Amino acid sequence: MPISPAEPTPARSLTELNAAIRALVHGGLGTPEARREYELLLVEWAASVRTDVSEAA
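**Student:** Pulling in residues and values, what's your account of the side chain of serine 48?
**Tutor:** Among the secondary structure elements, serine 48 is positioned in helix α2 (residues 32-56). For serine 48, a relative accessible area of 14% puts it in the buried group. Those residues in contact with serine 48 that sit more than four places away from it in its chain are Arg12, Leu14 and Leu17.

**Student:** Explain the nonpolar core to me, and be specific about the residues and the numbers.
**Tutor:** Of all hydrophobic cores here, the largest spans five residues; its members are Leu17, Ile21, Leu24, Ala34 and Leu41. Of all the elements in the fold, those that place two or more residues in this core are α1 (14-27) and α2.

**Student:** Before we move on, can you summarise the pattern of salt bridges with the specific residues and values?
**Tutor:** Counted by the stated rule, this structure contains two salt bridges. The salt bridge partner of arginine 12 is glutamate 44, with a shortest N-O separation of 2.7 Å. In this pair, arginine 12 is assigned in the segment before α1 and glutamate 44 in helix α2, connecting sequence segments 32 residues apart. Using a relative accessible area of 34% as the deciding quantity, one classes arginine 12 as partly exposed. Between arginine 36 and glutamate 39 there is a salt bridge, with its nearest N and O atoms 3.5 Å apart. In this pair, arginine 36 and glutamate 39 are both assigned in helix α2, three residues apart and thus about one turn of the helix distant. Judged by relative accessible area, arginine 36 falls into the partly exposed class, the value being 48%.

Calculation criteria
Residues numbered from 1 in each chain as written. Predicted model: local features only at pLDDT ≥ 70, side-chain atom pairs only at ≥ 80, totals over all residues. Heavy atoms only, no water. Helix = DSSP H or I, 4+ residues; strand = E, 2+ residues; numbered from the N terminus. Buried < 20%, exposed > 50% of the residue type's maximum accessible area, 1.4 Å probe, protein only. Contact = heavy atoms within 4.5 Å. Core = buried A, V, L, I, M, F, W, Y, C linked by side-chain atoms within 4.5 Å. Salt bridge = Lys/Arg side-chain N within 4 Å of Asp/Glu carboxyl O.

Printed below as a string of structure tokens:
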């Protein structure tokens, strides 16, 4: 029996991502965990921007 791929989780809006990034930066990036979370948020933000641009075209 083939394995079906997991359903993708809904992407957060750019507004939600910006708020999460700002809150994280405001709280400080002094720990490795905070820096890793920041990196993940930036990747998600960039993917969301690309999706937003391609949908507009």
